[in-house]
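# Working through the structure, step by step
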Amino acid sequence: MALSDTRKPVVAGQFYPGTKESLNKALAELINPRALKNDVIACMLPHAGYMYSGKVAGETVSEINIKSKVILLGPNHTGYGNPFSIMTKGSWETPLGAVNIDSRLAAELLKNSKYLKEDKLAHENEHSLEVELPFLQYLKKDFAIVPIAFMSGNLAALKAVGEEIARVIIDNNVRKDVLIVASSDMTHYEPLKEAESKDREAIDAIISLDADRLMAKVKELDISMCGYAPAIVMITSAKLLGAKIGKLVKYQTSGDTTRDFE
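All of these numbers come straight from a predicted model, not from anything done at the bench.

Contact pair helix H3 (residues 103–111) / helix H6 (residues 155–171): the axes reach a minimum separation of 9 Å and the direction vectors enclose 130°. Here H6 runs oblique to H3, going by the angle between their axes. The interaxial crossing formed by H3 with H6 has right-handed handedness. Together, Leu-105, Glu-108 and Leu-109 of H3 and Glu-164, Ile-165 and Val-168 of H6 make up the contact between the two elements. The residue makeup of the contact of H3 with H6, split by class, is four nonpolar, no polar and two charged.

Okay, structure coming up:
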């Protein structure tokens, strides 16, 4: 990480177009400008390459009023850094420009959490949060982020972090200003029917706001959902912030793009 604490994009040109012009063009095709906007507490977005997951992410964020503070929760695929890694200073860049970290909110979360640790290493080469940023930038010009990456399967700890996040939001009177975004893909590398069956169980748990059931189903069915940890944190926070029910906007598999359903 540079001394300026600017996190440079690491998957631009791979997971999504690498120039401002080409990225804006791609997002224009994925975003629905006619969608009715909703004030939501939290959402979950996929993070595969845009050719596979872009339509799901695009249609989902099209229905959301992006708020001025976005807490980004993602899985740590790289294995580097702390299991509960937060960045509290600096900015993240994409081809669409830089997004500042909300240092005040991030510092409050760090100070009031038993688990979160200041850590840049977990974020340096991790794609799960980076790929969500252009969608948010396309829809809102001025917002700040708090990036958090998880590498833990400890249900109690994940729920505790969710509770800590909600408590900080409430105590700092920023409930109306914060959107929580969890980043996760679903089943990986399984035949269509098996993937759809497993994903349905996980999605049902998520839209029911049942973190315990989500964890139980992931373990019971061996669901290779990479972001179940951030989803559990999201669910826990959202419930404490007043969420009653979830809504599935769109579901797809890579087979919709590749026509390979095996």
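Moving on, we come to the nonpolar core. Counting residues in each nonpolar core, the largest one holds 71 residues, and the members touching the most others are Ile-71, Ile-165 and Leu-214. Not counting residues within four places of it along the chain, the set of residues in contact with Ile-165 comprises Ile-71, Leu-73, Leu-109, Ile-148, Ile-180, Val-233 and Ser-237.

Right, let's get into the pattern of salt bridges. Throughout the structure, instances matching the rule amount to 13 salt bridges. A salt bridge links Glu-59 to Lys-250; its shortest N-O distance comes to 3.9 Å. Within this pair, whereas Glu-59 is found in helix H2 (residues 50–62), its partner Lys-250 is found in the loop between helix H9 (228–240) and helix H10 (255–258), the two being separated by 191 residues in sequence. In this structure Lys-250 comes out as partly exposed when scored by relative accessible area, which is 25%.

Read from one edge to the other, the open sheet built from six strands follows the order E2-E9-E3-E8-E4-E7, with strand pairing classed as mixed. Each edge of the sheet is formed by a strand with only one pairing partner; in this case those strands are strand E2 (42–45) and strand E7 (117–118). By the bridge criterion, two bridges tie strand E4 (residues 84–86) to E7 in an arrangement that is parallel. Looking at the pairing, Ile-86 lines up with Glu-118 of E7. The sheet strands contacting H9 are E2, strand E3 (69–75), strand E8 (144–150) and strand E9 (178–183), and the helix crosses E9 at an angle near 155°.

Thresholds, definitions, all that
Residues numbered from 1 in each chain as written. Predicted model: local features only at pLDDT ≥ 70, side-chain atom pairs only at ≥ 80, totals over all residues. Heavy atoms only, no water. Axes fitted to C-alpha atoms, helices over the stretch in contact; angles between N-to-C directions. Helix = DSSP H or I, 4+ residues; strand = E, 2+ residues; numbered from the N terminus. Parallel < 35°, antiparallel > 145°, perpendicular 65-115°, else oblique. Left-handed = near helix turned anticlockwise from the far one by under 90°. Contact = heavy atoms within 4.5 Å. Nonpolar A, V, L, I, M, F, W, Y, C, P; charged D, E, K, R; others polar. Core = buried A, V, L, I, M, F, W, Y, C linked by side-chain atoms within 4.5 Å. Buried < 20%, exposed > 50% of the residue type's maximum accessible area, 1.4 Å probe, protein only. Salt bridge = Lys/Arg side-chain N within 4 Å of Asp/Glu carboxyl O. Pairing = 2+ DSSP bridges.

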